[in-house]
Amino acid sequence: MSDEEYMNIALKEAEQALNEEEVPVGAVVVLDNKIIGIGHNTRQKTHDITNHAELIAIRDASRKLGDWRLDKTTIYITLSPCMMCASAIKESRIKRIVIGVNNQDLKTKEISDIILKDIEIKDGIKSQESLLLLQKFFKKQREKNK
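As a starting point, this report considers the structure included with it. Starting from 1, residues in each chain are numbered consecutively following that chain's sequence as written. Thresholds applied to this predicted model are a pLDDT of at least 70 for local features of residues and 80 or more for the giving and counting of side-chain atom pairs; totals over whole chains, interfaces and linings are not thresholded and use all residues. Hydrogens are left out, water is left out, and the side-chain values use all remaining heavy atoms of the structure.

Side note on the packing of aromatic side chains
Applied cut-off: Here is the rule: rings of Phe, Tyr and Trp (six-membered ring for Trp) pair when centre to centre is within 6.5 Å. Planes less than 30 degrees apart are stacked, more than 60 are edge-to-face, and the remainder are tilted. Secondary structure elements are taken from DSSP: a helix is a run of H or I of four residues or more, a strand is a run of E of two residues or more, and numbering for both begins at the N terminus. Here's how the labels work: a residue is buried when its accessible area is under 20% of the maximum for its type, exposed when over 50%, partly exposed in between, all with a 1.4 Å probe on protein chains only.
Taken as a whole, this structure holds two aromatic pairs when the rule is applied. Residues Tyr6 and Tyr76 carry aromatic rings whose centres are separated by 5.1 Å and whose planes lie at 35° to one another, so their mutual orientation is tilted. Separated by 70 residues along the polypeptide, Tyr6 in helix H1 (residues 3–19) and Tyr76 in strand S3 (residues 74–79) bring together distant segments of the chain. Residue classification places Tyr6 among the buried positions, given a relative accessible area of 2%. Overall, Tyr76 belongs to the buried group, its relative accessible area being 3%. Seen in terms of ring centroids, Phe137 and Phe138 are 4.9 Å apart; in terms of plane orientation they differ by 85°. Their pairing is edge-to-face.

With respect to the nonpolar core
Quick note on the threshold: Remark: nonpolar core denotes a set of buried residues (Ala, Val, Leu, Ile, Met, Phe, Trp, Tyr, Cys) joined through side-chain atoms within 4.5 Å.
Formed by 26 residues in total, the largest nonpolar core has its most connected members in Ile58, Ile75, Ile89, Ile97 and Leu116. Within the residue set of this core, elements represented by two or more residues are strand S1 (26–31), helix H3 (53–65), S3, helix H4 (83–91) and strand S4 (96–101). Ranked by the residues each element gives to this core, the list is headed by H3, at five residues.

Some points on the sheet that holds strand S2 (residues 34–40)
Sheet strands pair by backbone hydrogen bonding; their relative direction is either parallel or antiparallel. Formally: Should DSSP find at least two bridges between two strands, the strands are regarded as paired. Throughout, an axis means a line fitted to C-alpha atoms (over the contacting stretch in the case of helices), and angles, computed between N-to-C directions, take values from 0 to 180 degrees.
Taken together, five strands build an open sheet; the order of strands is S2-S1-S3-S4-S5 and the sheet is mixed. At either margin of the open sheet sits one strand with a lone partner, and together these are S2 and strand S5 (120–123). Strand after strand, the sheet turns through a mean of 15° between neighbouring axes, direction not considered. Taken together, the five bridges between S3 and S4 define a ladder with parallel strand orientation. Counted as the bridge partner of Thr74 is Arg96 from S4.

Details of the pattern of salt bridges
Once their charged atoms are close, side chains differing in charge can pair, the charge on each being opposite to the other. What counts is decided by this rule: Between Lys or Arg on one side and Asp or Glu on the other, a salt bridge is scored when a side-chain nitrogen of the former is within 4 Å of a carboxyl oxygen of the latter.
Tallying each qualifying case throughout the model produces nine salt bridges. Asp118 is the salt-bridge partner of Lys90, the closest N and O atoms lying 3.4 Å from each other. One end of the pair, Lys90, is in helix H4; the other, Asp118, is in the loop between helix H5 (106–115) and S5, with 28 residues separating them in the sequence. Taking the relative accessible area as the measure of exposure, Lys90 reaches 29% and is therefore partly exposed. Its relative accessible area of 57% is what places Asp118 among the exposed residues. One salt bridge in this structure joins Glu129 and Lys126, with 3.7 Å as the shortest N-O distance.

What to know about the pairing of S1
Among the six residues of S1, six are classified as buried, and the element is accordingly described as predominantly covered. Neither face of S1 is left uncovered, since the one carrying Gly26, Val28 and Val30 and the one carrying Ala27, Val29 and Leu31 both have all their residues buried. As defined by bridge partners, S1 adjoins S2 across six bridges and the pair is classed as antiparallel. Its bridge partner lying in S2, Val30 is registered against Ile35. Counted along the chain from S1 to the antiparallel partner S2, the turn is two residues long, and its residue Asp32 has a positive phi close to 50°. Bridge count for S1 against S3 is four bridges, and the pairing is antiparallel. Note on S3: the bridge partner recorded for Val29 is Ile75.

Quick look at the environment of Leu132
Its place among the elements puts Leu132 in helix H6 (residues 127–144). Accessibility expressed as a relative area gives 48% for Leu132, which makes it partly exposed. In this structure the C-alpha to C-alpha distance between Leu132 and Pro24, which are 108 residues apart in sequence, comes to 9.9 Å.

Spelled out as structure tokens, the structure:
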């Protein structure tokens, strides 16, 4: 499968998050062209700040492999990782990140670049689709809070 096809699966996870009234972020961990981890944000539902899409997908992959070392994997994420998730990606030794929307401000990007300096990063894959989901979510939140 291609980067775009794996990102489509991450987008389906993001759509699931949107349907659950969570920030629509999805993630997929791939090893040898096989999905071994998948997740979407569930912070609101679980009341757990660590339930970001990336961490759920990493936990899923680690359970399936029986190892926390994911050194030959790629993670596909619909939105650039926060610092917590960037650190988890680094610590799990993921070798490659493919990002839909890179939504980091300058300061956050500088810190992420330091954390992820040895990891291959490709962004802009399915960025429009990822962005539309985020815009839909935040528009709905603004309308709800009027």
